[in-house]
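Chain by chain, the residues run as shown.
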Amino acid sequence: MLHYGTVPAIDLQGWRFTVRGAVERPFEMDWQELLSLPRRKTACDIHCVTRWSRYDNVFGGVPVQDLLQRAGVRAEGRFVLVSAEQGFTTNLPLEDFDRPENLLALTHDGEPLTPEHGGPVRLLVPHVYFWKSAKWVKGFEVLDEDYPGFWEQNGYHMRGDPWAEERFGRPDPVRMRRGPR
Ligand SMILES: Nc1nc2c(c(=O)[nH]1)N[C@H]1C(S)=C(S)[C@@H](COP(=O)(O)O)O[C@H]1N2
Ligand SMILES: [Mo]
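1. Brief notes about the pairing of strand β2 (residues 27–30)
The side chains of a regular strand alternate between the sheet's two faces. Of the two faces of β2, only the one carrying F27 and M29 is buried; E28 and D30 on the other face are not. Relative to β2, strand β1 (residues 16–21) runs antiparallel, the two being bridged by 4 bridges. The residue of β2 that forms the bridge with F17 is M29. Where β1 folds back onto β2 in an antiparallel hairpin, the turn is made up of 5 residues.

In structure tokens form, the structure reads like this:
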């Protein structure tokens, strides 16, 4: 288990997932709606940038591609900034986000995600370092330019391919000052 800050207490009554930015149909959904969506399973290994891995995980949840399809990414959309509780963010190129195995994960090895591991819902993007798999995920914004998230502003890589060992990068300081829009 690894995260910055504390494990947030999440009120499912007020919970909303938000999809916005460079999309045709921005939307919000509440917890009941998320639970009503079709799910799939993703079997994967996970790799933390601090050099630990955990093999043979099975996550269950709602495919990210279903949300992208519903929103309809506009032609200029090329990057995604994911947001989570307590201001945590992480950024990804759209082609890394738009993959069939990526999930809003609700279960791990058949059990509901525990709060320490991002429950009730976390992002799962297993082919890049695990810091991109935001725990307690709250939404995402499609962007025309890349914008560094939390760890990325603190020196981690904008893409984070573990096989290329993309641990550290250098976000553009001008973009950081301008903000995500
Ligand atoms: N919201 C949030 N999500 C996060 C993090 C964080 O600090 N905050 N840390 C990331 C990092 S660095 C890792 S390795 C994984 C750890 O997930 P786990 O605690 O379920 O093993 O969560 C990722 N997701
Ligand atoms: Mo990590």
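2. A closer look at the pairing of strand β4 (residues 53–63)
The pairing of strand β3 (residues 40–47) with β4 spans 7 bridges and is classified as antiparallel. Residue pairing for β4: H47 is matched across the bridge by S53. Examined bridge by bridge, β4 and strand β7 (residues 103–108) share 5 bridges and lie antiparallel to one another. The residue of β7 that forms the bridge with G60 is T107.

3. Some remarks on the site of ligand 1
Taken together, 18 residues lie near ligand 1, and L2, Y4, H117, R122 and K135 sit nearest. L2 places a main-chain nitrogen or oxygen 2.9 Å from an oxygen atom of ligand 1. Between ligand 1 and the protein, one listed contact pairs an oxygen atom with a backbone N or O atom of Y4 at 2.6 Å. Of the residues assigned to the shell around ligand 1, the class counts are 12 nonpolar, 3 polar and 3 charged.

4. Description of the side chain of N102
If you trace the backbone, N102 turns up in the loop between α3 (94–97) and β7. Residue N102 is classed as buried on the basis of its relative accessible area, which comes to 0%. Look past the residues within four positions of N102 in its chain and what remains in contact with it is V62, P63, V64, D96, F97, L124, V125, P126 and H127.

5. A look at the pattern of salt bridges
Within the structure shown, the criterion is met by 10 salt bridges. Of the charged contacts in the structure, one is a salt bridge between R99 and E101, with a shortest N-O distance of 2.8 Å. Given the relative accessible area of 28%, R99 is considered partly exposed. Among the residues examined, E101 registers a relative accessible area of 18% and is labelled buried. For E165, the salt bridge is made with R167, and the minimal N-O distance between the two is 2.7 Å. For E165, a relative accessible area of 48% corresponds to the partly exposed category. When its relative accessible area of 11% is taken as the criterion, R167 is described as buried. In this structure, a network of salt bridges that share partners links the residues D96, R159 and D161.

6. So, the nonpolar core
If you look at the biggest cluster of nonpolar residues, it comprises 32 residues, and the most contacted ones within it are F17, L34, L67, V82, F97, L104 and F140. Secondary-structure elements contributing two or more residues to this core are β1, β2, α1 (31–36), α2 (64–71), β5 (79–84), α3, β7 and β10 (137–143). Per element, the largest residue contribution to this core is 4 residues, and it comes from α2. Among residues more than four places away in sequence, those in contact with F97 are V64, L68, V80, V82, L92, N102, L123 and F140. Listed in part, the 8 residues of the second largest apolar core include C44, A105, L124 and F130.

7. Let's talk about the environment of E24
In this fold, E24 is placed in the loop between β1 and β2. When near neighbours in sequence (up to four residues on either side) are disregarded, E24 contacts A71, G72 and R74.

What counts and how
Residues numbered from 1 in each chain as written. Chains lettered and ligands numbered in written order. Predicted model: local features only at pLDDT ≥ 70, side-chain atom pairs only at ≥ 80, totals over all residues. Heavy atoms only, no water. Buried < 20%, exposed > 50% of the residue type's maximum accessible area, 1.4 Å probe, protein only. Helix = DSSP H or I, 4+ residues; strand = E, 2+ residues; numbered from the N terminus. Pairing = 2+ DSSP bridges. Near = heavy atom within 4 Å. Polar contact = N/O pair within 3.5 Å; in protein donor to acceptor, adjacent residues only side chain to side chain. Nonpolar A, V, L, I, M, F, W, Y, C, P; charged D, E, K, R; others polar. Contact = heavy atoms within 4.5 Å. Salt bridge = Lys/Arg side-chain N within 4 Å of Asp/Glu carboxyl O. Core = buried A, V, L, I, M, F, W, Y, C linked by side-chain atoms within 4.5 Å.

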